[in-house]
Amino acid sequence: MIKLKDGYTLMHEHVTIDLSGVKKDFDCKLDCFEETVEEFKELYRLGVRNVLEVTNMGMGRDISYIERVAEATGIQFIISTGFYKEPFLPQIVYEKTAEELADMAEKEINEGIGDTKVCASVLGEFGTSKNEMTNTEEKVFQAMALAAVRTGAPVTTHTTLGTFGEQQADYLIEHGVKPEKIIIGHMDLSQDLDKILRLLEKGVNIGFDTVGKLNYCPDTFRAKALGEIASEGRLPQVVLSMDITRKSHLKSRGGIGYSYLFTDFLPLLKDSGMTEEQINTLLIDNPKRILEE
Ligand SMILES: [Zn+2]
């Protein structure tokens, strides 16, 4: 069972990740330990106490690295298991059945990851390609749903630019996953409020988890959409994060850094009329309910 520390929780981050092989871009190997520790110390000062780390098998997940960042900063990391999306799936996904893949994830939840004693608590981030779920991605969805039903673990997904979110939710719910344990990720990138509200009607949670990625979506859209979601009474179904994945996202390398959500985005939300209480709903209450209950 997950027990969060009192404070803010970021719900979709990568402390270290390596997608550089497939992307053929060294920037996609985020492994700047000292700089990351500095940034997470700043997050701690800003009130962050928990981070849902959504890197899993095939994405360069590194438990000892995460543990060292936790130790140096006082921030608790919630660890994930599962498989991402094509073309980032490890060979084993193509070789095993959905049942076998579910067993692998379940083992990481119940017994620990590799020879560490660290257990995964969340299934994710697993996802779909732009406007489609490929056959192998469907196999992963089937495996993740199986593991979620058996373990009760929350699931968190990746949508490509906010596409296929409704199909993801339908698939998981049809396969027995409780809507309140589902987070459909990156929905801010859809930039489509009607689509977002339709998805929320299904009872699932969504991630506005690419805050600050202005080349994909302006933060003014995020702020305005959150206001509309709040007036529909759906704010309890939204979680926030930034999804930092590249060296160049770090502050020391000219990026916005992990603290941007607090130093820049929250002031924007407040300017657009969001209250402190609503911000606590997004950053404290919702993560607690989704992860702990
Ligand atoms: Zn991610």
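Scroll up for the structure.
This report concerns the structure included in the present document. Bear in mind the structure is a predicted one, so any value in this text is a computation, not a measurement.

Okay, the coordination of the zinc ion next. Around a metal, the ideal angle is 109.5 degrees if four donors adopt a tetrahedral arrangement and 90 or 180 degrees if six donors adopt an octahedral arrangement. Ligation of the zinc ion by protein atoms is provided by His12 (NE2), His14 (NE2), Glu125 (OE) and Asp243 (OD), these donors lying 2.1 to 2.5 Å from the ion. Given four donor atoms and angles of 80 to 164° at the metal, the environment of the zinc ion is assigned as irregular. Counting gaps between the donor residues of the zinc ion yields the pattern H-x1-H-x110-E-x117-D. One end of the pair, His12, is in strand 1 (residues 8–13); the other, Asp243, is in the loop between strand 11 (238–240) and helix 10 (260–271), and 231 residues separate them in sequence. Judged by relative accessible area, which is 0%, His12 ranks as buried.

Before going further, it helps to spend a moment on the side chain of Ser20. Tracing the chain through its elements places Ser20 in helix 1 (residues 20–23). There is a polar contact of 2.5 Å between the side chain of Ser20 and the side chain of Asp18.

Membership of the largest hydrophobic core comes to 86 residues, with the highest contact counts inside it found for Leu123, Ile206, Leu226, Ile229 and Leu261. The element that contributes the greatest number of residues to this core is helix 6 (residues 135–151), accounting for seven residues. Setting aside chain neighbours within four positions, we find Ile206 in contact with Ile183, Ile184, Met187, Ile196, Leu199, Leu200, Ile229, Gln237, Val238 and Val239.

What follows covers the packing of helix 6 against helix 7 (residues 165–174). Between helix 6 and helix 7, the shortest axis-to-axis distance is 9 Å and the interhelical angle comes to 45°. It follows that helix 6 is oblique to helix 7 by the angle criterion. Remark: the crossing between helix 6 and helix 7 carries right-handed chirality. Judged by residue contacts, Glu138, Phe141, Gln142 and Ala145 of helix 6 engage Gln168, Tyr171 and Leu172 from helix 7. Considered class by class, the residues forming the contact of helix 6 with helix 7 number four nonpolar, two polar and one charged.

For helix 10, spanning twelve residues, the distance from its first C-alpha to its last is 16 Å, which sits close to the expected 16 Å at 1.5 Å a residue. Inspection of helix 10 places Tyr260, Leu261, Phe262, Phe265, Leu266 and Leu269 among the buried residues, and these make up the whole buried set. Projection of helix 10 onto a plane perpendicular to its axis shows the buried side chains occupying an angular sector of 150°, all on one side. Elements that come into contact with the buried residues of helix 10 comprise strand 1, helix 2 (33–45), strand 4 (48–53), helix 9 (219–231), strand 11 and helix 11 (276–292). Of the residues trailing helix 10, Gly273 is marked for its positive phi of about 105°.

What follows is about the packing of helix 7 against helix 8 (residues 193–201). Packing of helix 7 against helix 8 brings their axes to within 10 Å, and their N-to-C directions diverge by 10°. One finds that helix 7 runs roughly parallel with respect to helix 8. Taking contact as the criterion, the partners of Gly165, Glu166 and Ala169 in helix 7 are, on helix 8, Lys195, Arg198 and Leu199. A per-class count over the contact of helix 7 with helix 8 returns two nonpolar, one polar and three charged.

A few words on the sheet that holds strand 1. Sheet strands pair by backbone hydrogen bonding; their relative direction is either parallel or antiparallel. Read across the sheet, three strands follow the order 1-4-5 without closing on themselves; strand pairing throughout is parallel. Either end of the sheet is taken by a strand with one partner, and the two such strands are strand 1 and strand 5 (76–78). Across the sheet, the mean angle from the axis of one strand to that of its neighbour is 25°, orientation sign disregarded. Summarising the sheet, strand 4 and strand 5 pair through three bridges and their orientation is parallel. Bridge pairing in strand 5 links Asn50 to Gln76. Contacts from helix 11 reach strand 1, strand 4 and strand 5, with the element oriented near 65° to strand 1.

The rules behind each value
Residues numbered from 1 in each chain as written. Predicted model: local features only at pLDDT ≥ 70, side-chain atom pairs only at ≥ 80, totals over all residues. Heavy atoms only, no water. Donors = N, O, S within 2.8 Å, 3.2 Å for Na, K, Ca; no water. Tetrahedral: all angles 85-135°; square planar, octahedral: opposite > 155°, others 65-115°. Helix = DSSP H or I, 4+ residues; strand = E, 2+ residues; numbered from the N terminus. Buried < 20%, exposed > 50% of the residue type's maximum accessible area, 1.4 Å probe, protein only. Polar contact = N/O pair within 3.5 Å; in protein donor to acceptor, adjacent residues only side chain to side chain. Core = buried A, V, L, I, M, F, W, Y, C linked by side-chain atoms within 4.5 Å. Contact = heavy atoms within 4.5 Å. Axes fitted to C-alpha atoms, helices over the stretch in contact; angles between N-to-C directions. Parallel < 35°, antiparallel > 145°, perpendicular 65-115°, else oblique. Left-handed = near helix turned anticlockwise from the far one by under 90°. Nonpolar A, V, L, I, M, F, W, Y, C, P; charged D, E, K, R; others polar. Expected span 1.5 Å × (residues − 1). Arc of directions from axis to C-beta. Pairing = 2+ DSSP bridges.

Treat this as a map of the structure, not an account of what it does.
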